[in-house]
Amino acid sequence: MAQPESLAELLNGRRAAVDASLPAVGFVGGWLAFGESIWGGAVSAVVVAIGLSVWRLRKGDKPRAVLIGLFVVCVAALIALYTGRAEDFFLLQLLSNGASALAWIISIVMRWPLLGIVVGTVLGQRTRWRRDPVLLKAYSRGSWVWVVQYVVRLAVFVPLYQAGQIAALATARVALSGPLVAACLAVSWWVIRRNLPADHPGLRHPVTGDETAQKTAS
């Protein structure tokens, strides 16, 4: 089997983890610096998010993806300001993790594993990977690793959110962003490789029924 780049390289996992963590750190830093002021935390989080956005744009990232990230931070800050509860800055994250876990489970059951959709899109394959039974199976099994990732986050975040542990929520977000994403990428990549036979050409080259028929005919 060909040895392509890892999932971490394909999906930019480290960058996404950093972008998700720093605004939360900024929120807690501002919240503490201004005497547990939600306004202080909200402004700090948005400032950090703007700084990240400017940096990403200068690095050549797509404006749409950068603006979505900034929008999410602004919405989280507005939720906390509206409810008057600092912990609600993390509410959007809790909801998104729950929704993500459900979406990944549904995608596996429906035989459209999200890991395959994401990687296939990055590689420009559209849905060709799905016509390869081996890749479909490998992506399905690898997707369960991502379900576990979201469940782990919920298991940690929900009790801290209910207890109103603001600093602990930010700490957990950092700890469960970079390290957990890295572990998820590594383990799901290992699962995929374990499920690809030695003669399979790899993720970039799905073996579809049409190609098999052509080889047989020739």
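Refer to the structure above for everything that follows.
Note that the coordinates shown come from a computational prediction; the quantities given were computed from them, not determined experimentally. Per chain, the residues get numbers from 1 upward, laid out in the order the sequence is written. Per-residue local features are limited, in this predicted model, to residues with pLDDT of at least 70; the limit for side-chain atom pairs, both in listing and counting, is 80 or more; totals at the level of whole chains, interfaces and linings are taken over all residues. Computation of side-chain values covers all heavy atoms of the structure but excludes hydrogens and water.

## As for the nonpolar core
Line of reasoning, step 1. Only buried residues count toward a nonpolar core, which is a set of Ala, Val, Leu, Ile, Met, Phe, Trp, Tyr and Cys residues joined through side-chain atoms within 4.5 Å. Buried, partly exposed and exposed residues are distinguished by accessible area as a fraction of the type maximum, computed with a 1.4 Å probe on protein chains only: under 20%, between the cut-offs, and over 50%, respectively. Grouped together as the largest cluster of nonpolar side chains are 25 residues, with contacts concentrated most on Phe27, Val28, Ala86, Phe89, Phe90, Phe157 and Ile166.
Line of reasoning, step 2. Those elements giving two or more residues to this core turn out to be helix 2 (13-33), helix 3 (38-58), helix 4 (63-83), helix 7 (133-162) and helix 8 (166-175).
Line of reasoning, step 3. Numbering of helices and strands runs from the N terminus; a helix is a DSSP stretch of H or I covering at least four residues, while a strand is a stretch of E covering at least two. At 5 residues, the largest contribution of residues to this core is made by helix 4.
Line of reasoning, step 4. Whether two residues touch is decided by their heavy atoms; if any such pair falls within 4.5 Å, the residues are in contact. For Phe157, the residues in contact, after removing those within four places along its chain, are Gln93, Leu94, Asn97, Leu169, Ala172, Arg173 and Leu176.
Line of reasoning, step 5. By size, the runner-up hydrophobic cluster in this structure holds 23 residues, among which are Tyr139, Val147, Val191 and Ile192.

## Quick word on the packing of helix 5 (residues 91-109) against helix 7
Line of reasoning, step 1. Where helix 5 contacts helix 7, the axes come no closer than 9 Å and their chain directions differ by 155°. Here helix 7 runs roughly antiparallel to helix 5, going by the angle between their axes. Where helix 5 crosses over helix 7, the handedness of that crossing is left-handed. For the pair helix 5 and helix 7, the contacting residues are Leu91, Gln93, Leu94, Asn97, Gly98, Ser100, Ala101, Trp104, Ile105 and Ile108 in the first and Ser140, Ser143, Trp144, Trp146, Val147, Tyr150, Arg153, Leu154, Phe157, Val158 and Tyr161 in the second.
Line of reasoning, step 2. Put simply, Ala, Val, Leu, Ile, Met, Phe, Trp, Tyr, Cys and Pro go in the nonpolar bin, Asp, Glu, Lys and Arg in the charged bin, and everything else, Gly too, in the polar bin. Here the contact of helix 5 with helix 7 is built from residues that sort into 14 nonpolar, 6 polar and 1 charged. For helices, the axis comes from a line fit to the C-alpha atoms of the stretch in contact; other axes are also lines fit to C-alpha atoms, and the angle between any two N-to-C directions lies between 0 and 180 degrees. Each angle gets one of four labels, with under 35 degrees taken as roughly parallel, over 145 as roughly antiparallel, 65 to 115 as roughly perpendicular, and the rest as oblique. Throughout, a crossing is termed right-handed when the near helix is turned clockwise from the far one, and left-handed when it is turned anticlockwise from it by less than a right angle.

## Focus on the pattern of salt bridges
Line of reasoning, step 1. When a carboxyl oxygen of Asp or Glu is within 4 Å of a side-chain nitrogen of Lys or Arg, the pair counts as a salt bridge. Enumeration according to the criterion identifies 2 salt bridges in this entry.
Line of reasoning, step 2. Here Arg85 ties to Glu87 by a salt bridge, and the two come within 3.3 Å at their closest N and O atoms.
Line of reasoning, step 3. Given a relative accessible area of 36%, Arg85 falls into the partly exposed group.
Line of reasoning, step 4. With a shortest N-O distance of 3.2 Å, Asp88 and Arg85 are connected by a salt bridge.
Line of reasoning, step 5. Here the salt bridges share partners, and the residues they tie into one network are Arg85, Glu87 and Asp88.

## Quick word on the packing of aromatic side chains
Line of reasoning, step 1. For Phe, Tyr and Trp, where Trp contributes only its six-membered ring, two rings pair if their centres lie within 6.5 Å, and the inter-plane angle classes them as stacked under 30 degrees, edge-to-face over 60, or tilted in between. Taken as a whole and judged by the stated rule, the model has 7 aromatic pairs.
Line of reasoning, step 2. Residues Phe27 and Phe89 carry aromatic rings whose centres are separated by 4.2 Å and whose planes lie at 5° to one another, so their mutual orientation is stacked. Of this pair, Phe27 sits in helix 2 while Phe89 sits in the loop between helix 4 and helix 5, and the two are 62 residues apart along the sequence. Each member of the pair, Phe27 as well as Phe89, carries the same accessibility label: buried.
Line of reasoning, step 3. Measuring from centroid to centroid gives 5.4 Å for Trp129 and Tyr139, while their planes differ by 85°, and the two rings are edge-to-face. Here Tyr139 lies in helix 7 and Trp129 lies in the loop between helix 6 (114-122) and helix 7, a separation of 10 residues in the sequence.

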